[in-house]
Amino acid sequence: MKFSFSLFEPKPLTTLGLSSDFRLSAGDSTLAAPSADLVQSLMGFPSASGKIVTRATALRVSSFLSCVKMIAGDIAKYPLILRSTTTTGDRIRTKPALDEPLYAILKDCPNEWQTSYQARFFLISQLLMSGNCFAQIIRDRAGRLLELVPLDAWRMVQKWDLTGKKPAPYWNFTDGESNLRRFDQGDLFHVTNCNFEGNGVEGSSTILLAKEALSTLMAAEEASGRTMANGLGMQGFLSFPLESKITEPQAQNVIDRLKKDFSGSQNSGKFTALPGNPAWVPMSYNAKDAQLLESRGFNQKSIASMMGGACLVSKLGFDEKASTYSSTSAFLEDYHNTALLPHCTAFEQSIKRDLIDRADWNRLSAKHDTSVILGGSLKERAETYKIQLESGQINGNEARVLEDRDTVDGLDFFQLPANSAVFDPETKEIYIPGQDLPGEEPTEDPAAAPGAPKPGTKPVDAPKPAPSKAKGANARLDVFVSSAVDRTVRKEAKAPIDAKFVAEVLNVTPAQAEGYCAMRKDLTNEEARAALIAMATGETNE
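Just so we're clear, the structure is a prediction, and the values are computed from it rather than from any experiment. (Residues numbered from 1 in each chain as written. Predicted model: local features only at pLDDT ≥ 70, side-chain atom pairs only at ≥ 80, totals over all residues. Heavy atoms only, no water.)

> How should I be thinking about the overall build of the chain in this particular structure?
Secondary structure summary: the chain contains 18 helices and 15 strands in total. Going through the 542 residues of the chain one by one, you find that 35% of them count as buried. For the chain, the share of sequence-separated contacts (at least 6 apart) that also reach a separation of at least 24 residues comes to 60%. Looking at the chain as shown, the accessible area adds up to about 33,600 Å², and 55% of this sits on carbon and sulfur atoms. (Helix = DSSP H or I, 4+ residues; strand = E, 2+ residues; numbered from the N terminus. Buried < 20%, exposed > 50% of the residue type's maximum accessible area, 1.4 Å probe, protein only. Contact = heavy atoms within 4.5 Å. Areas by Shrake-Rupley, 256 points an atom, 1.4 Å probe, with all protein chains shown as cover.)

Rendered as structure tokens:
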């Protein structure tokens, strides 16, 4: 007799070193020759602890469920933004691609039933558990993308079509209604994780790879639950005195009374009297048995570390020790880089491969907005914006946009510190913001010069001298020299300075710096300052 089935439990057996060709055709199986899909859907993955590991049983393990829920939820709440990069002149401009249909599909609603958060939470949870996640691409007749419909990765079987000029992957999907459908690569959005097997086209199941750790934790949790079901979990026996004339049926009756009235957490706190003056003799644990008491906590840390590293262990509270991070922002940055970023990168690159035309690869890209987690507190953001504003990295309106505020007039300018130097590529000169630009210094007022004609008298025509660029440049040079000399004097007031420091600060030769240090002890402070200025301006070679 033949029958059809749909795979609701884990994927077909794909252990390391076992080819995917081991799978029989998905959808049909016989009792005489059951497919690997059927065997694993009914039995799960066997383990050394004796516990059967399936997707359903793995999700009942609290620590594994916490890891999947934490990572999938944090990535799903990142806004997924489609960005457009264009070139204007010699500058690169990047902004949200609001005019692209894919923008709203990724950020808001991929289909008419789900929001972006719901769809991505499902896809990322599938990615974490099965190593793959799939979404069907719905297009109109013109080939434009309309919707993304998530599919169950556990019902997918990857195959290769070898009939063409080059091998092409395709997937057989069982929809749960005994219907088998084939999807080519262009029909699916496919993201993989843990690409350990085959040629890396398909991901490996995390549940399969970690089945021993999961099964051990399942056994430990079952033991813990049964201990609660048995009251205080006492293990031992009753010892009656030799002179006691209690019979075996009476002793069994005592045991039955204890089981009935004191077994289970609902009977804790009760008391009773036993005939025959029995004594309770507990069974002691040996060293090997005592280690089992800590196995649950150890396996919780092991699973969390496998899913997201040490930072996820701390975030879930599985580590009793205090965190060694210097600040909350440092911890969140490590958590993002270790537990979230690999999956975000796989998602973003798969979007470019499957959802963006190859002709637009250089123009369009998807990126998660990580400021949801890495943005920091209001105080930390304000301090960051202050640094970026004062260093000319952003302007005021860009900072307002980052805080979801409207732009205002008058904040579209960039500012630099007043003591910073700017290089003008046209004049090849350096100037300080706030001062006159090179070559544009104002000339002196002729009325203020000695011998100038009095007001009301007709001045004598004379050729006007051209503005001196050298004079402005020298003024700026004096500012830099004075600043360098002041730094040297302050350092010298605290401790003796060496020739290397003088040469680096004043930009002079080592010989000049050594000459100054040699004669410094014979100079007063005023003479030393004058010598530093002369040496920095090149007025002396000594």
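Let us keep going from here.
> Quick question: what am I supposed to make of the confidence of the model for the chain here?
Interpretation of the predicted coordinates at a detailed level should be avoided for regions scoring low in pLDDT. Mean pLDDT over the chain: 78, with 75% of residues reaching 70 or higher. For the stretch residues 1-27, pLDDT sits under 50, and the model shows 81 contacts to residues farther than four places along the chain or on other chains. (pLDDT = per-residue confidence, 0-100.)

> Any chance you could explain the packing of aromatic side chains here in plain terms?
Tallied over the full model, the rule gives four aromatic pairs. Taken together, a centroid distance of 6.2 Å and an interplanar angle of 65 degrees make the contact between F173 and F183 edge-to-face. Here F173 is found in strand β8 (residues 168-174), whereas its partner F183 is found in strand β9 (residues 180-184), with 10 residues between them in sequence. Using a relative accessible area of 2% as the deciding quantity, one classes F183 as buried. Lying over the aromatic face of Y335, K315 brings its terminal NZ or CZ to 5.0 Å of the ring centre. (Phe/Tyr/Trp six-rings, centres within 6.5 Å; stacked < 30°, edge-to-face > 60°. Lys NZ or Arg CZ within 6 Å of the ring centre and 35° of its normal.)

> For this particular structure, what's the right way to read the pattern of salt bridges?
Think of it this way: side chains of opposite charge can pair up when their charged atoms draw near. Under the criterion given, the structure shown has 17 salt bridges. The shortest N-O distance in the salt bridge between R182 and D184 comes to 3.1 Å. Overall, R182 belongs to the partly exposed group, its relative accessible area being 41%. Under the relative-accessibility criterion, D184 is labelled partly exposed at 34%. Overlapping salt bridges bring together R55, D152 and R155 as one network. (Salt bridge = Lys/Arg side-chain N within 4 Å of Asp/Glu carboxyl O.)

> Sorry, what's going on with the sheet that holds β9 here?
Picture the strands of a sheet paired through backbone hydrogen bonds; they go either parallel or antiparallel. In space, the three strands of this open sheet follow the order β7-β8-β9, with antiparallel pairing throughout. Single-partner strands in this sheet number two, and they are β7 (156-161) and β9. Each neighbouring strand pair of the sheet contributes to a mean axis angle of 30 degrees, computed without reference to strand direction. (Pairing = 2+ DSSP bridges. Axes fitted to C-alpha atoms, helices over the stretch in contact; angles between N-to-C directions.)

> How do you make sense of the side chain of E197 when you look at a structure like this?
Following the sequence through the fold, E197 ends up in the loop between β10 (188-192) and α6 (206-209). Polar side-chain contacts of E197 include one of 3.0 Å to the side chain of S204. (Polar contact = N/O pair within 3.5 Å; in protein donor to acceptor, adjacent residues only side chain to side chain.)

> How should I be thinking about the side chain of N395 in this particular structure?
Among the secondary structure elements, N395 is positioned in the loop between α13 (378-390) and α14 (396-402). Among the polar contacts made by the side chain of N395, one reaches the main-chain amide nitrogen of N397 at a distance of 3.2 Å. There is a polar contact of 2.8 Å between the side chain of N395 and the backbone nitrogen of E398. Apart from the residues lying within four places of it in its own chain, the contact partners of N395 are L389, L411, D412, F413 and F414.

> Where do I start with the sheet that holds strand β5 (residues 132-139) in this structure?
With antiparallel pairing, three strands are arranged side by side in an open sheet as β6-β5-β10. Every other strand in the sheet has two partners, leaving β6 (145-151) and β10 as the edge strands with one partner each. Shown here is a sheet whose adjacent strand axes are inclined to one another by a mean of 25 degrees, direction ignored. Taken together, the six bridges between β5 and β6 define a ladder with antiparallel strand orientation. Within the sheet, the bridge partner assigned to F134 lies in β6 and is L151. In the packing of helix α5 (residues 116-130) onto the sheet, contacts are made with β5, β6 and β10, and the angle to β5 comes to roughly 140 degrees. On top of the sheet, helix α11 (residues 328-355) reaches β5, β6 and β10; it is set at about 150 degrees to β10, its chief contact.

> Is there a simple way to explain the environment of D175 in this structure?
Along the chain, D175 turns up in the loop between β8 and β9. On the basis of relative accessibility, which here comes to 31%, the residue D175 falls in the partly exposed class. The spacing of D175 and L151 is 24 residues in sequence and 8.9 Å in space, taken between C-alpha atoms. Among the polar contacts listed, one links the side chain of D175 to the side chain of N179, at a separation of 3.0 Å.

> Quick question: what am I supposed to make of the packing of helix α3 (residues 62-76) against α5 here?
Two numbers describe a pair of packed helices, the interaxial angle and the distance between the axes. Contact geometry of α3 with α5 gives a least axis separation of 8 Å together with a crossing angle of 135 degrees. Compared by their axis directions, α3 and α5 come out oblique. Like other packed secondary-structure pairs, α3 and α5 cross with a definite hand, here right-handed. Contacts from F64, V68, K69, I71, A72, G73, I75 and A76 in α3 reach Y117, R120, F121, I124, S125, L128 and M129 in α5. Looking at side-chain class alone, the contact of α3 with α5 contains 11 nonpolar, two polar and two charged residues. (Parallel < 35°, antiparallel > 145°, perpendicular 65-115°, else oblique. Left-handed = near helix turned anticlockwise from the far one by under 90°. Nonpolar A, V, L, I, M, F, W, Y, C, P; charged D, E, K, R; others polar.)

> Help me out: how do you make sense of a positive patch on the surface in this one?
A cluster of basic residues, R487, R490, K491 and K494, forms a positive patch on the protein surface. As for its position among the elements, K491 is in helix α15 (residues 469-494). (Patch = residues over 30% accessible without salt bridge, like charges linked within 9 Å, V, L, I, M, F, W, Y side chains within 5 Å. Lys, Arg positive; Asp, Glu negative; His and termini not counted. Charge placed at Lys NZ, Arg CZ, Asp CG, Glu CD.)

> Explanation requested: the nonpolar core in the structure shown.
The biggest cluster of nonpolar side chains holds 56 residues, and the ones touching the most others in it are F64, M307, F347, I351 and L355. Looking at this core, the element that brings in the most residues is α11, giving nine residues. The residues touching F64, leaving out its near neighbours within four places in the chain, are A58, L59, M129, I207, L214, I303 and M307. Core analysis: the next-biggest nonpolar cluster, separate from the first, contains 17 residues, V502, L506, V508 and L532 among them. (Core = buried A, V, L, I, M, F, W, Y, C linked by side-chain atoms within 4.5 Å.)

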